[in-house]
Amino acid sequence: MEVSTDGEGAPAFGGNPEDRNFFAAARANECVYGVVPDFVRSGGSIPVALTMQDTGRSVVLLPVGRNDDGHHGQNEKIDLNNFICGIKLLAAYVTEFALSAAPLPAPVPQTQARPRKGCARFMSGFKCECGDC
C-alpha cells in the first residue's frame, strides 16, 4: 500500500493560557458547560488563527462542536444543543473578558472547579445548565 498526501496540514494552534483571553474563556466555559476546560492544542484546520497570532494578537478558540461532528467532511454537523451552548459561551466570554480588565488572579488549579458565583447573570433569557444557579 502506498500512502501520499497532497500537502501539509497547519501546525496545531497554541496560545498563552495565562493570557486575559484564555482566563475569560476558561471562566465562560465553566459557566456554560460546568467543567474546568482542558487546554489542548488544536485548530490545525484553522490556519488563520496562527496568522492572527503571528501579528502579536492574542487569539483563543472557543469549544462549540464535538469530536464526532465530522469536521470538514461530507456529513459535517453541529447539534442544536451545541449551537445554543456556543451562543451562551460567546455571551459569557464577552462578559468575562469585559470584567477581566483588572489584573489576573492566580490561575485556578486544574484539579478543582472554581466555586460558582451564580452564572445565570450571564445568561439573561437562557436557562443555565450547570444546575447550581
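For the structure itself, consult the block above.
Conventions and cut-offs
- Position numbers for residues count from 1 along each chain, tracking the sequence in the order it is written.
- Totals for whole chains, interfaces and linings use every residue, but because this is a predicted model, local features are given only for residues with pLDDT of at least 70 and side-chain atom pairs only at 80 or more, for both listing and counting.
- Each side-chain value is derived from all of the structure's non-hydrogen atoms; neither hydrogens nor water enter the calculation.
- Grouping into patches uses exposed residues only, defined as over 30% relative accessible area, and leaves out salt-bridged ones; the cut-off is 9 Å for like charges and 5 Å for nonpolar side chains (Val, Leu, Ile, Met, Phe, Trp, Tyr).
- The Shrake-Rupley method, run with a 1.4 Å probe sphere, supplies the accessible areas, and residue values consider only the shown protein chains as cover.
- When a carboxyl oxygen of Asp or Glu is within 4 Å of a side-chain nitrogen of Lys or Arg, the pair counts as a salt bridge.
- Every helix listed is a DSSP run of H or I at least four residues long, and every strand listed is a run of E at least two residues long, numbered separately from the N terminus.
- Buried, partly exposed and exposed residues are distinguished by accessible area as a fraction of the type maximum, computed with a 1.4 Å probe on protein chains only: under 20%, between the cut-offs, and over 50%, respectively.
- To qualify as a nonpolar core, a set must consist of buried Ala, Val, Leu, Ile, Met, Phe, Trp, Tyr and Cys residues joined through side-chain atoms within 4.5 Å.
- The pocket and cavity definitions rest on a 1 Å grid over protein atoms only: a 1.4 Å probe that fits but cannot leave marks a cavity, an open set with protein on both sides within 12 Å along at least five of seven lines marks a pocket, and residues lining either have an atom within 4 Å of a point.
- Grid points are joined across faces, edges and corners, and a volume is the space filled by probe spheres set on the points.
- The residue classification treats Ala, Val, Leu, Ile, Met, Phe, Trp, Tyr, Cys and Pro as nonpolar and Asp, Glu, Lys and Arg as charged. All others, Gly included, are polar.
- Fitting a line to C-alpha atoms yields each axis, with helices limited to the stretch in contact; the angle taken between N-to-C directions then spans 0 to 180 degrees.
- Here the angle decides the label: under 35 degrees means roughly parallel, over 145 means roughly antiparallel, 65 to 115 means roughly perpendicular, and every other value means oblique.
- For any pair of crossing helices, the crossing counts as left-handed if the nearer helix is rotated counterclockwise from the farther one by less than a right angle, and right-handed if it is rotated clockwise.
- The contact definition used throughout considers only heavy atoms, calling two residues in contact when any of these lie within 4.5 Å.

Draft legend 1. Seen up close, a nonpolar patch on the surface. A surface patch of nonpolar side chains, about 450 Å² in accessible area, is lined by I78, L80, F83, I84 and I87. In this structure, F83 sits in helix α3 (residues 80-99).

Draft legend 2. Structural view of the pattern of salt bridges. For the structure shown, the criterion picks out four salt bridges. The residue D69 makes a salt bridge to K77 at a minimum N-O spacing of 2.8 Å. Given a relative accessible area of 34%, K77 falls into the partly exposed group. One network of salt bridges, with partners in common, ties together D68, D69, K77 and D79.

Draft legend 3. The nonpolar core, seen in detail. F13, A28, V32, V60 and Y93 are the most contacted members of the largest nonpolar core, which totals 14 residues. Elements represented by at least two residues in this core include exactly α1 (20-33), α2 (47-54) and α3. Per element, the largest residue contribution to this core is five residues, and it comes from α1.

Draft legend 4. Representation of the layout of surface pockets within the structure. In this structure, the largest pocket spans a volume of roughly 1000 Å³. Residue lining of the largest pocket: 29 residues in total, with V40, S42, L61, L62 and P63 positioned closest to the centre. Residues that form the lining of the largest pocket fall into these classes: 14 nonpolar, eleven polar and four charged.

Draft legend 5. Summary view of the packing of α1 against α3. The interhelical angle for the contact between α1 and α3, taken along N-to-C directions, is 135°, at an axis separation of 8 Å. Comparing the axis directions of α1 and α3 gives the class oblique. The two elements α1 and α3 cross, and the hand of that crossing is right-handed. Contacts from R20, N21, A24, A25, R27, A28, N29, V32 and Y33 in α1 reach C85, G86, K88, L89, A92, Y93, E96 and F97 in α3. Classifying every residue of the contact of α1 with α3 gives ten nonpolar, three polar and four charged.

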